[in-house]
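Each chain, letter by letter, is given below.
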Amino acid sequence: DSLLRIEDRRDIALRGYGAVLRMRKEDYLQGPYQPSGWRHVLSVRGSTGVKVEGLTLRGAGGDGIYLGSTGNQRYVKDVVIRDVVCDDNTRQGMSVISAENLLVERCVFSNTGGRSPGAGIDLEPNRADERMANVVIRNSVFENNRLGMHMWFSNLREESPPVSVLWENNLVKDHVGGYGIAIHVG
């Protein structure tokens, strides 16, 4: 399960400049735990108006941050992730499954690995009705991940909502055994 979970909520702020939210990644990579990518530090689903600022999210058995849908709202909306460090998480630094008006800025996504795909950030709608609209990721660093900036749009269809993503002024370096930037469609 997740260390922190926000579902179907509005107007939530998590600020913690200098604070570290840490899980024990090494525990999740061996028994008695079953292999999984779902043990996130922070899971935000179906929520609007969420701000996460100044936190370090480290050592998740899944993602540092997971942004996705619920049955009530098929996306997160008006989310800001600023000055956040996602370090040494197992599956992704951050997974964005469905979002509208997402701003990620001045963040660091580093040392992701243990389960595929191992991206700093992965934009990956699971279903054709999920959104990737007005997503802006800027002034961030992607370092020592299997994949730096990853977009997997293979689940979208012609009838899916239009995609709008801006990657601006980011640094990708020292990716391990994968790609700095990867896009999958179709």
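Here, every reference points to the structure presented above.
I will try to describe carefully the structure that is included in this document. None of the values given here were measured: they were computed from a predicted structure.

Quick word on the pattern of salt bridges
The tally for this structure, following the rule as stated, stands at 16 salt bridges. Of the charged contacts, one joins Arg 74 and Asp 129 as a salt bridge, the two residues approaching to 3.6 Å between their closest N and O atoms. Residue Arg 74 is found in the loop between strand 7 (63–68) and strand 8 (76–82), and its partner Asp 129 is found in the loop between strand 13 (119–123) and strand 14 (132–138); the two are separated by 55 residues along the sequence. In the salt-bridge network here, residues are joined through shared partners; they are Arg 15, Glu 53, Arg 82, Glu 105 and Arg 138.

Topic: the sheet that holds strand 16 (residues 147–152)
Taken together, seven strands build an open sheet; the order of strands is 1-4-7-10-13-16-19 and the sheet is parallel. Edge positions in the open sheet fall to strand 1 (4–7) and strand 19 (181–184), since each of these has one partner strand only. The mean inter-strand angle of the sheet, taken between neighbouring strand axes irrespective of direction, is 5°. In terms of strand pairing, strand 1 meets strand 4 (residues 42–45) through four bridges, oriented parallel. Counterpart to Arg 5 in the pairing with strand 4 is Ser 43.

Rules behind the numbers
Residues numbered from 1 in each chain as written. Predicted model: local features only at pLDDT ≥ 70, side-chain atom pairs only at ≥ 80, totals over all residues. Heavy atoms only, no water. Salt bridge = Lys/Arg side-chain N within 4 Å of Asp/Glu carboxyl O. Helix = DSSP H or I, 4+ residues; strand = E, 2+ residues; numbered from the N terminus. Pairing = 2+ DSSP bridges. Axes fitted to C-alpha atoms, helices over the stretch in contact; angles between N-to-C directions.

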